[in-house]
Amino acid sequence: MNSQAPAPKDIAADGPPLSLGGLGISAEQIATALSRIVTHAADPQRKRRAQELPLDGADQVWVRSMLDALPAPVYATDTDGFLTYFNQAAVTFAGREPVLGVDRWCVTERLYNPDGSPLKHENCPMALAIRENRAVRGAEAIAERPDGTRIPFAPFPTPIRAPSGRIVGAVNVLLDISARKRAEKEAAHLACHDALTGLPNRASFHTMLDQLIAARAGDEAPFALMRINVTGHTHISDMYGHATGDEALRAIAQRLKKAVGEKPLFHIASDTFALVLAKPPGRDGLRRFAETLRSAGTAGTGRVREAGSTIAIGCAFFPADGRDAPTLVANAAGALTRARRTTTDPLAFFDANEDLAARDRQLLKSQLRAAIGDGALRLHFQPQMAADGTAVAFEALVRWSHPTRGMIAPADFIPLAEDGGAIVEMSEWILRDACREAASWQNPLRVAVNLSPLHFRSGDLPGTVQAILEETGLAPDRLELEITEGVMIQDFEQAMSMLRKLRDVGVRIALDDFGTGYSSLSYLQAFPLSTLKIDRSFTDNLGRVEQSAAIIRSVVGLGHALGLEVAAEGVERQEQLDFLIAEGCDLVQGYFTGRPAPIDAYSRLTGRDGTQRDDAPGLRSA
Ligand code: C2E
Ligand code: CA
Ligand code: CA
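Residues numbered from 1 in each chain as written. Chains lettered and ligands numbered in written order. Predicted model: local features only at pLDDT ≥ 70, side-chain atom pairs only at ≥ 80, totals over all residues. Heavy atoms only, no water.

### Some remarks on the overall build of the protein
Here comes step 1: Scanning the protein from N- to C-terminus turns up 23 helices and 22 strands.
Here comes step 2: Taking all 622 residues of the protein together, the buried fraction comes to 50%.
Here comes step 3: Taking all contacts inside the protein whose residues are at least 6 apart in sequence as the whole, residues at least 24 apart take part in 62%.
Here comes step 4: When the accessible surface of the protein is totalled, it reaches about 29,000 Å², and 52% of it is carbon and sulfur. (Helix = DSSP H or I, 4+ residues; strand = E, 2+ residues; numbered from the N terminus. Buried < 20%, exposed > 50% of the residue type's maximum accessible area, 1.4 Å probe, protein only. Contact = heavy atoms within 4.5 Å. Areas by Shrake-Rupley, 256 points an atom, 1.4 Å probe, with all protein chains shown as cover.)

### Concerning the site of ligand 1
Here comes step 1: Every one of the 21 residues lining ligand 1 counts as a neighbour, but Gln-382, Arg-399, Arg-536, Glu-572 and Tyr-591 are closest to it.
Here comes step 2: Within the contact set of ligand 1, an oxygen atom lies 2.9 Å away from a side-chain nitrogen or oxygen of Arg-399.
Here comes step 3: Between an oxygen atom of ligand 1 and a side-chain N or O atom of Asn-450, the distance comes to 3.0 Å.
Here comes step 4: Starting from 790 Å² of accessible surface for ligand 1 in isolation, the protein chains cover 81%. (Near = heavy atom within 4 Å. Polar contact = N/O pair within 3.5 Å; in protein donor to acceptor, adjacent residues only side chain to side chain.)

### Quick notes on the side chain of His-193
Here comes step 1: Following the sequence through the fold, His-193 ends up in the loop between helix H5 (178–192) and helix H6 (202–216).
Here comes step 2: Beyond its immediate stretch of four places on either side in the chain, His-193 contacts Gly-198, Leu-199, Pro-200 and Asn-201.

### Some points on helix H8 (residues 242–260)
In an α-helix, one turn spans 3.6 residues, which is why side chains three or four residues apart end up on the same side.
Here comes step 1: In a regular helix each residue adds 1.5 Å, so 19 residues correspond to 27 Å; H8 covers 26 Å between its end C-alpha atoms and thus fits that length.
Here comes step 2: Here H8 has its buried residues at Thr-244, Gly-245, Ala-248, Leu-249, Ile-252, Ala-253, Leu-256 and Val-260.
Here comes step 3: In the segment just after H8, Gly-261 is the residue with positive phi, at about 65°. (Expected span 1.5 Å × (residues − 1).)

### Re the coordination of the calcium ion (ligand 2)
Here comes step 1: Distances from the calcium ion (ligand 2) to its protein donors, Glu-395 (OE), Asn-450 (OD1), Glu-482 (OE) and Asp-512 (OD), fall at 2.1 to 2.3 Å.
Here comes step 2: Of note, the donors binding the calcium ion (ligand 2) are all from one chain and are spaced E-x54-N-x31-E-x29-D.
Here comes step 3: Separating the calcium ion (ligand 2) from the calcium ion (ligand 3) is a gap of 4.0 Å, bridged by Asp-512, which donates to each. With Glu-395 in strand S15 (residues 391–402) and Asp-512 in strand S19 (residues 508–514), the pair connects residues that are 117 residues apart, well separated along the chain. (Donors = N, O, S within 2.8 Å, 3.2 Å for Na, K, Ca; no water.)

### Digging into the nonpolar core
Here comes step 1: Counting 77 residues, the largest nonpolar core has Phe-456, Val-465, Leu-479 and Leu-481 as the members making the most contacts within it.
Here comes step 2: Ranked by the residues each element gives to this core, the list is headed by helix H14 (residues 423–439), at seven residues.
Here comes step 3: Those residues within four positions of Phe-456 in sequence are excluded, and the remaining contacts are Leu-451, Leu-461, Ile-483, Val-487, Ala-495, Met-498, Leu-499 and Leu-502.
Here comes step 4: Counting residues in each nonpolar core, the second largest holds 24 residues, with Met-226, Ile-228, Leu-265 and Phe-273 among its members. (Core = buried A, V, L, I, M, F, W, Y, C linked by side-chain atoms within 4.5 Å.)

### A short note on the packing of helix H7 (residues 233–240) against H8
Here comes step 1: For the pair H7 and H8, interaxial distance at closest approach is 6 Å and the crossing angle is 145°. As H7 packs across H8, the resulting crossing turns out to be right-handed. Across the interface between the two elements, His-233, Ile-236, Ser-237 and Tyr-240 of H7 pack against His-242, Thr-244, Gly-245, Ala-248 and Leu-249 of H8.
Here comes step 2: Residues belonging to the contact of H7 with H8 are distributed by class as follows: four nonpolar, five polar and no charged. (Axes fitted to C-alpha atoms, helices over the stretch in contact; angles between N-to-C directions. Left-handed = near helix turned anticlockwise from the far one by under 90°. Nonpolar A, V, L, I, M, F, W, Y, C, P; charged D, E, K, R; others polar.)

### A closer look at the sheet that holds strand S10 (residues 265–269)
Paired through their backbone hydrogen bonds, the strands of a sheet run either parallel or antiparallel.
Here comes step 1: Across the sheet, which stays open at both edges, the five strands sit in the order S10-S11-S9-S12-S13 with mixed pairing between neighbours. Edge positions in the open sheet fall to S10 and strand S13 (347–349), since each of these has one partner strand only. Taking the axes of each pair of neighbouring strands and ignoring which way they run, one obtains an average angle of 25° across the sheet.
Here comes step 2: As paired elements, strand S12 (residues 310–318) and S13 share three bridges and run parallel to each other. Across the sheet, Ile-313 pairs through a bridge with Leu-347, a residue of S13. (Pairing = 2+ DSSP bridges.)

### A closer look at H6
Here comes step 1: With 15 residues, H6 ought to run about 21 Å at 1.5 Å a step, and its terminal C-alpha atoms sit 21 Å apart, in line with that.
Here comes step 2: Among the residues of H6, those classed as buried are Ser-204, Phe-205, Met-208, Leu-209, Leu-212, Ile-213 and Arg-216. Down the axis of H6, the buried set is contained in an arc of 165°. They therefore lie on one face. In this structure, H6 carries Gln-211 and Ala-214 as exposed residues pointing more than 90 degrees from its buried face.
Here comes step 3: Residues of H6 that are buried sit in contact with H5, strand S9 (223–231), S10, strand S11 (272–277), S12 and helix H11 (325–341).
Here comes step 4: Capping the start of H6, Asn-201 holds a side-chain oxygen 3.2 Å from the backbone nitrogen of Ala-203, two or three residues further along. (Arc of directions from axis to C-beta.)

### Focus on the coordination of the calcium ion (ligand 3)
Geometry reference: four tetrahedral donors at a metal, ideal angle 109.5 degrees. Six octahedral donors, ideal angles 90 or 180 degrees.
Here comes step 1: The calcium ion (ligand 3) binds to the protein through Asp-512 (OD), Asp-513 (OD), Glu-569 (OE) and Glu-569 (OE); the donor distances cover 2.1 to 2.4 Å.
Here comes step 2: Linear spacing of the donor residues for the calcium ion (ligand 3) on their chain is D-D-x55-E.

### Some details on the pairing of strand S3 (residues 83–86)
Both faces of the sheet carry side chains from a regular strand, because those side chains alternate between them.
Here comes step 1: In the sheet, strand S2 (residues 74–78) pairs with S3 via three bridges, with the strands oriented antiparallel. Bridging across to S3, Tyr-75 finds its partner in Phe-86.
Here comes step 2: Counting the residues in the hairpin turn of S2 and S3 gives four residues, including Gly-81, whose phi is positive at 95°.

### What about the environment of Thr-464?
Here comes step 1: With respect to the helices and strands, Thr-464 occurs in helix H16 (residues 461–472).
Here comes step 2: With a relative accessible area of 17%, Thr-464 lands in the buried category.
Here comes step 3: Measuring from C-alpha to C-alpha, the distance between Thr-464 and Arg-432 comes to 9.6 Å, with 32 residues separating the pair along the chain.

### Let's talk about the packing of aromatic side chains
Here comes step 1: Inspection of every chain in the model, using the stated rule, returns nine aromatic pairs.
Here comes step 2: An angle of 15° between the planes, with centres 5.9 Å apart, marks the rings of Phe-317 and Phe-349 as stacked. Taken as a pair, Phe-317 in strand S12 and Phe-349 in strand S13 lie far apart in primary sequence, 32 residues in all.
Here comes step 3: The buried category is assigned to Phe-317, whose relative accessible area is 12%.
Here comes step 4: Counting every residue linked through ring pairs, the aromatic cluster contains Phe-381, Phe-394, Trp-441 and Tyr-602.
Here comes step 5: Positioned over the ring face of Tyr-112 is Arg-150, at 3.8 Å from the centre of the ring.
Here comes step 6: Here the guanidinium or amino end of Arg-283 rests over the ring plane of Phe-349, the centre of that ring lying 4.3 Å away. (Phe/Tyr/Trp six-rings, centres within 6.5 Å; stacked < 30°, edge-to-face > 60°. Lys NZ or Arg CZ within 6 Å of the ring centre and 35° of its normal.)

### Observations regarding the pattern of salt bridges
Here comes step 1: According to the stated counting rule, one finds 24 salt bridges in the structure shown.
Here comes step 2: Residue Glu-144 is joined to Arg-150 by a salt bridge in which the shortest nitrogen-to-oxygen separation is 3.0 Å.
Here comes step 3: What makes Arg-150 partly exposed here is its relative accessible area of 43%.
Here comes step 4: Across the salt bridge formed by Arg-338 and Glu-354, the nearest N and O atoms sit 3.7 Å from each other. Residue Arg-338 is located in helix H11, and its partner Glu-354 is located in helix H12 (residues 352–374); the two are separated by 16 residues in the primary sequence.
Here comes step 5: Among the residues examined, Glu-354 registers a relative accessible area of 45% and is labelled partly exposed. (Salt bridge = Lys/Arg side-chain N within 4 Å of Asp/Glu carboxyl O.)

### Some words on the confidence of the model for the protein
Here comes step 1: Taken as a whole, the protein shows an average pLDDT of 83; of its residues, 86% reach a score of 70 or greater.
Here comes step 2: Overall, residues 1–22 carries pLDDT values under 50, and its contacts beyond four positions in sequence, including any with other chains, amount to 52 contacts.
Here comes step 3: Note on residues 38–55: pLDDT is under 50 here. Beyond four places in sequence and across chains, it has 39 contacts. (pLDDT = per-residue confidence, 0-100.)

In structure tokens form, the structure reads like this:
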């Protein structure tokens, strides 16, 4: 063996005797048999004398015919490695008639290591078996026949001993391992290829990408990663069944493969392929290439074409758009999302401004779902004060404590929840948590909970509210639901009936952000409201915009005329507070009277520290 080849193993130390693949005979048994026949290896040139072994003629014939009948190649050498015997299978294996006394160590002329490097005959394990006087399980090697065909094999050499115990040579039994090697190759192919299209799969794609990035680490020559999507493929499956869908995809894969030529094309997801251009042309070149791919991908006839599938491609460059595989892949996917939105251009290049936001949204959306169950959502509470400085209510404001981004404001994630369908689950959690919290306060302050319009319109909201009140033991009149004018505009009748039902449950309804929407006076009268919350912008404009004072004054008058409580939001300064109180505003809420905070910050107001609501003076310092 050459130095790279693994050392032969000592079979005595390595487990059971060689079982020659179901031949029913061991290498040792063959060696013993061989040691009992007279070998006719007398080489006239080398003047070798046949070794004399004590066996009569009948035995010789029997042993010889048995060895010739064996399907495994068997041959023997003397201690110098010169061939002294071979059976019929050895001739077939070698692809030629070996020459006794001339060929040394092996029946074929050429040997190779599994890695393809040449293997010297004298390094074969037979020499080791003789030298060390033990049976050896040799390293796998490859024999080459005169016609160039190669057979992988495993050698099993065993020393041959004369009756005196002296080693007179070795016998080698070769096991043809072509079938196993073929199976291994097949398994390896299956592991890294996709069965449907026969293309390298996602695992090979990632291996290739990692290798390429590692190789480029030094010089950083750019390469392009293209994510190719067969848009509309699911429709094919939906319309014509999965068999047709598969057939279409296979056809598309074949045409794409033809179009990309030598470039490695991978099938990485059901309708998505990936392609790496190690030496990308400029952007114009890539656009032309993308057109070629689109033509190839959509050139199908018949049903595939009818179903209107087409090709969209997202492209990201190493290292500009990502230095590691996950970033690069994600950015190509971001670009692909944009490419799928247009029909004019099949190709979109990654654009940090456009695609990161979209990717971020997707990621946050999926994290938000998990956050709802994981306790990563928290409620902060902001007090609402009466003119005399006593706390009347707390508004619950949700926060998302994100593991890496810190606290996320509701304005940034409520739209995600509404978009992703998580809003109802989230709202119910908020409602339940807020009610449970309020029910635990010693002072029976109200709690106000914001309702998303989506939640307001969904399912059995009054039933849910009632169930949560019963579950938490909070009196209905201590819960105020804040809705915005938007819910009324969309479907007046539906909103009306929903509000009546909620009113029947006994909860209060506040109209939030009043003044910013349509502010139709007709519904103010029609709806069963309890509170009008003047939008923060009016408070903010006090002293700056002339009309704000007049607007606030008239809203307070209007609210009171309708029998509603009027609250003002966004109170940040003493003058604002003074004005609002002077105008008869019933409740004030804002940073000046108390910031949104975890409820523990307000234990003096809630009575958690044992104080009663009457002696809760220092509210401004909260
Ligand atoms: P909103 O209902 O109008 O809530 C008042 C917002 O104004 C809160 O912002 C609050 O922190 C802020 N704020 C309070 N006092 C002041 C002040 O003096 N000055 C200024 N500049 N701002 C003040 P937040 O908590 O970021 O909430 C924003 C919006 O998100 C809320 O507006 C509400 O529409 C929505 N939201 C908050 N919590 C929830 C919730 O639990 N469910 C739903 N559906 N929406 C929520
Ligand atoms: Ca609110
Ligand atoms: Ca508001």
